[in-house]
Every structure is written in C-alpha cells, then in structure tokens.
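One letter stands for each residue in the lines below.
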Amino acid sequence: MLFNDDVIVLAGATGRVGGATLRRLHDEGARVVIVSRSADAAQALAAGLERASTATADISDPAAAAKVVAEAAARFGRVDAVVNLAGRGKFVSLADSTLDDLRINLDGF
C-alpha cells in the first residue's frame, strides 16, 4: 500500500475529482478525514470506508480550516498531508470575480 495509515485531511471530496481522490487514498491505505460544510454529505461519503472519518467546516474560513487540522492531529497523533480540492467553479474573468468567489480557492487550508 502506498499510504500505510498516513493521515490525510481532504476537503472537496463531494465533487467528482474529490470523490475519486478520496477512494484512491483510502484504497491505498490512508486514513482520510473528509471535510465538508455538510455533515450529511461527509458522512455519506465515509459510509463503508473503514479508515474514513468526517469533520464539518467551511475551509474558506482560515480559523475553521486550522481547527480541522488541529483536531485531526489531536485525534490521530499527526497529520501527514492536507489536500484542498474544494472550490467554486465560476466561469468569469478574474476581474469580474468577487472576493467571495475566490475565498475558498485562495484561503482554504
């Protein structure tokens, strides 16, 4: 196994790329902490995955993101990697984007 019980905090697992990443990390032996704004969505993803746990947070808030990582480290004794696949896909020019449009992409983890 590529990840021998490595602890990986993963945000954005509810999307297609994030879901595929979650499954691959888990299949390769990682313990994955699924971070989502929706507790129900995170729990649905974790169902049936023996090495998955969940955390509810909006990672566009730097304090919330830091808290998730700190809680994972306290629970598992370490965090080996943090992956942010959360983001908002809004197809407009950068000049037409608002700070809220960009916040999750720029501030998450």
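Above this text is the structure in question.
Let us look at the structure shown here. (Residues numbered from 1 in each chain as written. Predicted model: local features only at pLDDT ≥ 70, side-chain atom pairs only at ≥ 80, totals over all residues. Heavy atoms only, no water.)

**A closer look at the pairing of strand β3 (residues 52–56)**
The pairing of strand β2 (residues 31–36) with β3 spans five bridges and is parallel. Opposite Val33, over in β3, you have Ser53 as the bridge partner. Read from β2 through helix α2 (residues 39–46) to β3, the crossover connection turns out right-handed. (Pairing = 2+ DSSP bridges. Helix = DSSP H or I, 4+ residues; strand = E, 2+ residues; numbered from the N terminus. Right-handed = clockwise from strand over helix to strand, strands pointing away.)

**Concerning the pattern of salt bridges**
Enumeration according to the criterion identifies four salt bridges in this entry. The salt bridge involving Glu50 is made with Arg51; its shortest N-O contact spans 3.1 Å. Overall, Glu50 belongs to the exposed group, its relative accessible area being 69%. Between Glu71 and Lys67 there is a salt bridge whose closest N-O contact spans 3.9 Å. Here the residue Glu71 and the residue Lys67 both occupy positions in helix α3 (residues 62–76), the gap between them amounting to four residues, near one helical turn. Relative accessible area serves as the criterion here: at 44%, Glu71 is assigned to the partly exposed category. A residue is classified by how much of its surface remains accessible, and Lys67, at 52% relative accessible area, is exposed. (Salt bridge = Lys/Arg side-chain N within 4 Å of Asp/Glu carboxyl O. Buried < 20%, exposed > 50% of the residue type's maximum accessible area, 1.4 Å probe, protein only.)

**Details of the side chain of Ser36**
Following the sequence through the fold, Ser36 ends up in strand β2. There is a polar contact of 3.0 Å between the side chain of Ser36 and the backbone nitrogen of Ser38. Setting aside residues no more than four positions away along its own chain, Ser36 makes contact with Thr14, Ala41, Ala42, Ala55, Thr56 and Ala57. (Polar contact = N/O pair within 3.5 Å; in protein donor to acceptor, adjacent residues only side chain to side chain. Contact = heavy atoms within 4.5 Å.)

**Brief notes about the nonpolar core**
The biggest cluster of nonpolar side chains holds 14 residues, and the ones touching the most others in it are Val9, Val33, Val35, Ile59 and Val68. In terms of residues, this core owes the most to one element, α3, which gives five residues. By size, the runner-up hydrophobic cluster in this structure holds twelve residues, among which are Ile8, Leu25, Ala30 and Ala46. (Core = buried A, V, L, I, M, F, W, Y, C linked by side-chain atoms within 4.5 Å.)

**Some details on the sheet that holds strand β4 (residues 81–84)**
Pairing is parallel across the open sheet formed by four strands, whose spatial order is β3-β2-β1-β4. Since the sheet does not close on itself, it has two edges, and those belong to β3 and β4, each with one partner. Across this sheet, the average inter-strand angle for adjacent strands is 20°, counted without regard to direction. Sheet strands touched by helix α1 (residues 16–27): β1 (7–11), β2 and β3. Its angle to β1, the strand with the most contacts, is close to 170°. (Axes fitted to C-alpha atoms, helices over the stretch in contact; angles between N-to-C directions.)

**Regarding the environment of Asn4**
Along the chain, the position of Asn4 falls in the segment before β1. A sequence separation of 27 residues divides Asn4 from Arg31, and the C-alpha atoms of the two residues are 8.5 Å apart.

**As for α3**
For α3, which comprises 15 residues, the first-to-last C-alpha distance of 21 Å matches the rise-based estimate of 21 Å (1.5 Å per residue) to within 8%. Among all positions in α3, only Ala64, Ala65, Val68, Ala72 and Phe76 are buried. Burial along α3 is one-sided: seen end-on, the buried residues are contained in an arc of 105°. Among the exposed residues of α3, those oriented more than 90 degrees off its buried face are Ala63, Lys67 and Ala74. Those residues of α3 that are buried lie in contact with β1, β2 and β3. Where α3 ends, the next residue or the one after it, Gly77, has phi of about 85°, a positive value. (Expected span 1.5 Å × (residues − 1). Arc of directions from axis to C-beta.)

Geometry only, nothing functional implied.
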